[in-house]
Amino acid sequence: SHWVYNFGGSEADGNARMRNLLGSKGANLAEMTNMGLPVPPGFTITTELCNSYFAMGHVYPANLKSEVDVAIERICALTGRRLGDPEKPLLLSIRSGARISIPGMMEAILNLGLNDQTVEALARETGDERFAYDNYRRFIQKYSDVVLGIDQIAFEEIIEDYKDERDILFDADLSAEDWKAIIEQFKAMVQDELDEPFPQDIQKQLWGAISSVFSSWMNARAITYRHLHDIPEDWGTSANVQAMVFGNLDDNSAVGVAFTRSQDTGEKTLEGSFLPRAHGEDMESSSAKPLPLIRSEGSDVKSMEELMPDIFSKFLTLCDRLETHYMDMMKLGFTIEKGKLWMLQARAATRTPKAALRVAVDLAKEGLITESEAVARVDPRSLDQLLHPTISDSEKRVVFAKGMAASPGAASGHLVFRTQDAEEFVSHGRQVILMRVETSPEDVHGMHVARGIVTARGGMTSHAAVVARGMGIPCVTGAGAMHIDYKQESVTVGSVVLRKGDLITIDGSSGDVLNGDVQMQNPELSEEFATLMGWVDKIRRLKVRCNADTPQDAKAAREFGAEGIGLCRTEHMFFQDDRIFDIRAMIIATSEEDRRRSMDKLLPLQRADFEALFETMAGLPVTIRLLDPPLHEFLPNNRHDIAAMAHALKIDEDSLTSRIHAMHEFNPMLGHRGCRLAISKPEVVEMQARAIFEAAVSAGEKTGAPVQPEIMVPLVSIREELEFVKARIDSTAKAVMKEMGHEIDYRVGTMIELPRAALQARKIAESAEFFSFGTNDLTQTTYGISRDDAARFIADYIKAGVLEQDPFISIDIEGVGELIEIASERGRFARPDITLGICGEHGGDPVSIEFCERVGLDYVSCSPYRVPIARLSAAQATL
Ligand code: PEP
Ligand code: MG
C-alpha cells in the first residue's frame, strides 16, 4: 500500500470521495487540484498511516520515508525550490486533517524549512529583512510549542522583556535587528530547556512536525472530543504537507476566508473577511481588523471588491464553480501572493438550522440538487429550534435573572428543582421548568419532561445546554446571579425569592429568566420551511398524527400538519380546574350509585371536550383512549391534600384516609389501570363512550364533516379484556344512536403496550380494528424497567457502555422492535386491513420513525411540536 497522495500542480492522486483516507482537508485539496484550481503543491499522508503508527508503537513503516522524499521532490520541481537551499529555499506548512475537524488537534506549523541560513535567502528574495526574521521567530515559537513541548509563554516573556528594556510598546515597532536578537535568546532558551539546539536540520524539522500531527490524535483534548461526539478512534488523522504561499509579502498579498452564503440565514450573499499583507494566523489575532469581502452600502471600510477588483471577480467565479461542483454552500480559505490567488481550503460550511433549511431549498430551486436531496439534507432535530414559540413582542419582561441563550425557544411552567418533582408535576398535567445549579446525566429524565431548563452554572457546552439542544427544548445556562437552595426548594436573586411551584418563564433565545407566566406567540414559519414540507409530504408514506388532549394542542398540531389525533389521553382531561375532585370521587366511590353520581358530573365536561377536539380536527381521524389512570397519579398522598379532598367531597378525613390506604398499590404502573379499571367499573366505559358518541353527532352536525371516532382500549393483554370493553362500547353506541336518531360510524381498537398483547396479536386483531403501539409501556414491560424509576440508573448503563441509548427515548429495535414486528405481522394476518400506528414518545424520534417505516406502520403520533420533525423523518425514512 502507499501512504502518500500528491495534490497541487496539474493533477492529484486523490479526490473528494477519499475523505476517510485523506481527511477532509487533504481530500478537498486534491479535488480542487483536479478541478484545475490553483492549489499550492503538497501531499497528504493517509489516516491509515496514523493507525499503523499507533499499532506499531510510534514507528513508521519502512517505505514511508522514501515516499515522502519522492513527494518532496515533486514539490521542488513544481516550485523551483529546494529544502534548505541557501538561494531558493522551499518552505512548508504542516497541518492535521481528520474526516471532520476535531478541536484540540495540532495547530498548523507554518514556514517549516527556515533556519539560520534559509532565513537570509528569504530576506534577500523578498527584499524585506524584517519580514523574514519575523517569520523565522514565529516558526521557532510555534514549532517549539507544538513539537518540542516548550510553553509559548516562555517565548512571549522574552519578547515582552526585550520591549520593556527598550521602551518599545508594539511588536510592529521591532526591527529586523530586534528580531535577530530575540531569535538568539529563543535559541538559547531552547538549548537550556532541552539540552540540545533548535533543529537546524530541515529533515529533522519535517519529521518532528509529522510525528506531532499523528501524536496529536491521541492527545487528551482530542480524545475527550471524540468521546463526546462518538467518533471512533480508528478514523485517525492525516497529515498535510504543502508549499507555503505568503499573504504578507506586499500590498498585493492577502489572506481570507469566505462563505459562499450567509452562515446565519443561508441567503445567497458572499460572507467572510480578508486581511491584506497578513499571515493566515493573523486572521485570528485580536489586533487584526479583517476587512469585508464585498462592499457594503454607506460604509467607508474598504472591501476586497474595491481593493483588489480583478482578483475579486476571479474569486467570485471560483466560488460559483465550487458550489456547483460540491452542490453545497462552501467555506473557502485562500491566500493572495503578489496578486496571485491560491486556494488553501474548501469544505461544506457549517451553518445555523435556519440557514441549513434555506440553503437546501435554494440549492434545489437552483437545480443543483433534487428535491429529495434537499429533504435528505435537513436534520429533523434541527427543525426543533425553528419551531418553538417565542415570547410575544407585546409582553413586558420582568427579568428575574439573566444567563446564556443556550437552546432557543421560550417556555413557561412551574418551577421545580428535582427530576422527581418534574416527573411528578408532569404526571399531574402541569408543565414545568427544571432549575438546577448544573445538570448531570441523572437529570435527563427530568429534562425530558420539562418545558425548559435553567441552570445557575455552566456555559454553551455544559451538559444542560448540549442535552437541551439535542432534545429541542429551550434552555438558559449560567444565570450566575441565582442562588439556588435545594433544601428550601427556592431560588433567590437579590430580594426576590421564587419557590417550587411558582410560575416562571425562560427565553432560551435571549438568556432571560422571567418571573411569572407570559403570552407566547407561535413561530413564523419561513417560506422555505413551507416549500420543504411540501416536498416532504410528496415523498413520505407514513401519516403523522399528534398526541393531543386539549383543543389548543390539537390546533397547534394541525397547523404543523398533523393528520389527525393518534392519542387523546382522557385522564389528562381531568387535570384542570375542579375536575380532579370529581374524578377522585369516582375513583374512591364504594358503590355503583356513588360512582354514577360522580360520573353524571363528568359526562357533560367530557362531551364538551370531545366536541371541541372533533371540531378542531374536522375531517381527520381522532383516536380517543379510554381512561388509563395509574392510581398513584390521581389520589392525594399527603395530609394536606387529603384534607382538601375530604372537604371538597364532604366526607370525613379518616374514612377518606382509610379508603385511600385500602386502594394502595405496591406497583401502580402494573396495577389497577387501563382496561382493568374498565372491567371492574364498566359504567366508566359507558360514560366515556356516551360522551364520545354524543359529541361526534353534534360536532358532525356543526361542521358538516362526518365524524368517525376511534375508541382505543388501553393496557390490553387478553383478547377477552378487549371484547368485554368493546361490548360496553357497542351497546352504548346502539343506545345513543337510538336516542339521537342518528347513525354513528365508529371504530374500536386497542393499544399494544404489553408483551402478551404483541404475542397474542392475531387473536386480539379479530376484535380490534386498529392497533396503536404504546411504546412507553411496551418498553417498560419488555425490559421490566419502571419508566418512572429508570432515570436513576439508565445513565449508569450508558456510561458503562451496557446500553448505547435510553430505550425510553429511541426505540429498542432489537427487543421492543421485534415485538412490534411480530404484532404487526400477526395482526395483519387476522385482519389484512388493520390500521397500525405508534403513539409512545418514540413516535416523534427520527430513528424510531425510520424503524416504523421499515415495519410498514400506517402512522406515527407525537406531540404537536414534533409533528414537522416526524413528517421530515418519515420522508427521509423512504429515501
Ligand atoms: C404508552 O404507553 O406508550 C402510551 C402512549 O401510553 P401512556 O404513556 O399514557 O402510558
Ligand atoms: Mg401506556
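For clarity, every value in this text was computed on a predicted model and none was experimentally measured.

Draft legend 1. A look at the overall build of the protein chain. A tally of regular secondary structure across the protein chain gives 33 helices and 31 strands. Principal-axis analysis of the C-alpha atoms places the extent of the protein chain at approximately 105 × 60 × 60 Å. Each of the 879 residues in the protein chain was classed as buried or not, and the buried ones make up 46%. Intrachain contacts of the protein chain at a sequence separation of at least 6 include 66% that bridge at least 24 residues.

Draft legend 2. Highlighting the packing of helix H20 (residues 579–588) against helix H22 (residues 639–649). In the contact formed by H20 and H22, the axes pass within 10 Å of each other and the chain directions differ by 85°. Between H20 and H22, the angle is such that the two are roughly perpendicular. Across the interface between the two elements, Phe581, Arg584 and Ala585 of H20 pack against Met645, Ala648 and Leu649 of H22.

Draft legend 3. Highlighting the site of ligand 1. Neighbouring residues of ligand 1: Leu567, Arg569, Asp628, Glu753, Gly774, Thr775, Asn776, Asp777, Cys839 and Gly840. Ranked by the residues each element gives to the shell around ligand 1, the list is headed by helix H29 (residues 775–783), at 3 residues. Of the residues that constitute the shell around ligand 1, the class distribution is 2 nonpolar, 4 polar and 4 charged.

Draft legend 4. Quick look at the UniProt feature "binding site: Mg(2+)" (unreviewed entry) in the protein chain. Cross-referencing UniProt, the feature "binding site: Mg(2+)" (unreviewed entry) maps to Glu753 and Asp777 in the present numbering. These annotated residues cover 25 residues of sequence, but their C-alpha atoms sit close together, with the largest distance between any two at 5.3 Å. Tracing the backbone through its elements, the reader meets Glu753 in the loop between strand S28 (747–752) and helix H27 (755–759). Setting aside residues up to four positions removed in sequence, Glu753 forms contacts with Leu715, Gly774, Asp777 and Leu778. With respect to the helices and strands, Asp777 occurs in helix H29. The contact partners of Asp777, leaving out residues within four places of it in the chain, are Glu753 and Leu754.

Draft legend 5. Here's a closer look at the packing of helix H21 (residues 592–616) against helix H25 (residues 682–703). Remark: H21 packs on H25, axes separated minimally by 8 Å, with the N-to-C direction vectors making an angle of 30°. By the angle class used here, H21 and H25 are roughly parallel. Judged by the sense of rotation from one axis to the other, the crossing of H21 with H25 is right-handed. Partitioned by chemical class, the residues of the contact of H21 with H25 number 12 nonpolar, 4 polar and 10 charged.

Draft legend 6. Layout of the sheet that holds strand S7 (residues 271–276). Overall, antiparallel pairing links the 5 strands, which are arranged S8-S7-S6-S9-S10 in an open sheet. The open sheet has two edge strands, strand S8 (291–292) and strand S10 (340–348), and neither has a second partner. Two elements, strand S6 (residues 254–259) and S7, share 6 bridges in a ladder whose sense is antiparallel. Bridge pairing in S7 places Ala258 opposite Gly272.

Draft legend 7. Representation of the domain arrangement of the protein chain within the structure. Split into domains, the protein chain comes out as domain 1 (4–243), domain 2 (254–351), domain 3 (389–521) and domain 4 (540–576 + 599–629 + 684–878). One C-alpha centre belongs to domain 2, the other to domain 3, and the line joining them spans 40 Å.

Draft legend 8. Main features of helix H4 (residues 118–126). Thr118, Val119 and Leu122 are the residues of H4 that are buried. Burial along H4 is one-sided: seen end-on, the buried residues are contained in an arc of 105°. Downstream of H4 by one or two residues, Gly127 has phi in the positive range, about 65°.

Draft legend 9. Region of the structure containing unusual backbone geometry. In this structure, Lys650 takes a positive phi of about 55° despite not being glycine. Within the secondary structure layout, Lys650 lies in the loop between H22 and helix H23 (653–662). Of note, Leu715 is a non-glycine position whose phi angle comes to about 55°, a positive value. Taking the C-beta count within 10 Å as the criterion, Leu715 has 24 such neighbours and is therefore assigned buried.

Draft legend 10. Expanded view of the sheet that holds strand S12 (residues 399–402). Spatially, the 8 strands line up as an open sheet ordered S12-S22-S21-S14-S15-S16-S17-S13, and their pairing is mixed. Each edge of the open sheet is held by one strand with a lone partner, namely S12 and strand S13 (404–407). Within the sheet, the average angular offset between the axes of one strand and its neighbour, ignoring direction, is 30°. Of the pairings in the sheet, the one linking S12 to strand S22 (residues 512–515) comprises 3 bridges and is antiparallel in character. Its bridge partner lying in S22, Val399 is registered against Leu514.

Draft legend 11. Structural view of the nonpolar core. Ranked by internal contacts, the top residues of the largest apolar core, which has 199 residues, are Ala360 and Val860. Excluding its chain neighbours within four sequence positions, the residues that come into contact with Val860 are Leu542, Val544, Gly837, Ile838, Gly843, Ile849, Cys852, Ala870 and Ala874.

Draft legend 12. Here's a closer look at the UniProt feature "binding site: substrate" (unreviewed entry) in the protein chain. UniProt's feature table lists "binding site: substrate" (unreviewed entry) at Arg569, Arg625, Glu753, Gly774, Thr775, Asn776 and Asp777, given in the numbering used throughout. As for its placement among the helices and strands, Arg569 is situated in strand S25 (residues 565–569). The contact partners of Arg569, leaving out residues within four places of it in the chain, are Asp549, Arg625 and Asp628. Along the polypeptide, Thr775 turns up in helix H29. Under the C-beta neighbour-count criterion, Thr775 is labelled buried, with 29 such atoms within 10 Å. Those residues in contact with Thr775, other than ones at most four positions away along the chain, are Ile811, Val816, Ile838, Gly840 and His842.

Draft legend 13. Spatial organisation of the environment of Asp13. Tracing the sequence through the fold places Asp13 in the loop between strand S1 (4–7) and helix H1 (19–34). Residues Asp13 and Gly80 lie 67 residues apart in sequence; the distance between their C-alpha atoms is 21 Å. If near-sequence neighbours (up to four positions away) are discounted, Asp13 is found in contact with Tyr5, Asn6 and Ala30.

Draft legend 14. How the structure looks around helix H33 (residues 867–878). Counted at 1.5 Å a residue, the expected span for H33 with its 12 residues is 16 Å, and the 17 Å between its end C-alpha atoms agrees. Regarding H33, the residues found buried are Val867, Pro868, Ile869, Ala870, Arg871, Leu872, Ser873, Ala874, Ala875, Gln876 and Ala877.

Reading the values: rules and limits
- Each chain has its residues counted from 1, following the order in which its sequence is written.
- Chain letters start at A and ligand numbers start at 1, both assigned in the order the entries are written.
- Residue-level local features of this predicted model are given only where pLDDT is at least 70; pairs of side-chain atoms are given and counted only at 80 or more, and the full residue set underlies all totals for whole chains, interfaces and linings.
- Where helices and strands are cited, they refer to DSSP runs of H or I of at least four residues and of E of at least two residues respectively, numbered from the N terminus.
- Residues are called buried when their C-beta atom has 20 or more other C-beta atoms within 10 Å, exposed when it has 12 or fewer, and partly exposed otherwise; all C-beta atoms are positioned from the backbone.
- In this description, a residue-residue contact is defined by the distance between C-beta atoms placed from the backbone, which must lie within 7 Å.
- Here an axis means a line fitted to C-alpha atoms, over the contact stretch when the element is a helix, while the angle between two N-to-C directions is reported on a 0 to 180 degree scale.
- With respect to orientation, any angle under 35 degrees is reported as roughly parallel, any angle over 145 as roughly antiparallel, any angle of 65 to 115 as roughly perpendicular, and every other angle as oblique.
- In this entry, near means the residue's backbone-placed C-beta atom lies within 6 Å of the molecule or strand.
- Residue type decides the class: Asp, Glu, Lys and Arg count as charged, Ala, Val, Leu, Ile, Met, Phe, Trp, Tyr, Cys and Pro as nonpolar, and the leftover types, Gly among them, as polar.
- UniProt positions are given in the numbering used here, feature names are shortened, and annotations may be inferred rather than shown by experiment.
- Note on convention: near helix rotated counterclockwise from far helix by under a right angle means a left-handed crossing. Clockwise means right-handed.
- When DSSP finds two or more bridges between two strands, those strands count as paired.
- Here the limits of each domain have been adopted from an automatic or database domain assignment.
- Throughout, the arc means that of the directions going from the helix axis to the C-beta atoms.
- We define a nonpolar core as a collection of buried residues of the types Ala, Val, Leu, Ile, Met, Phe, Trp, Tyr and Cys that are connected via C-beta atoms lying within 7 Å of each other.
- Expected span of a helix: the number of residues minus one, times 1.5 Å.

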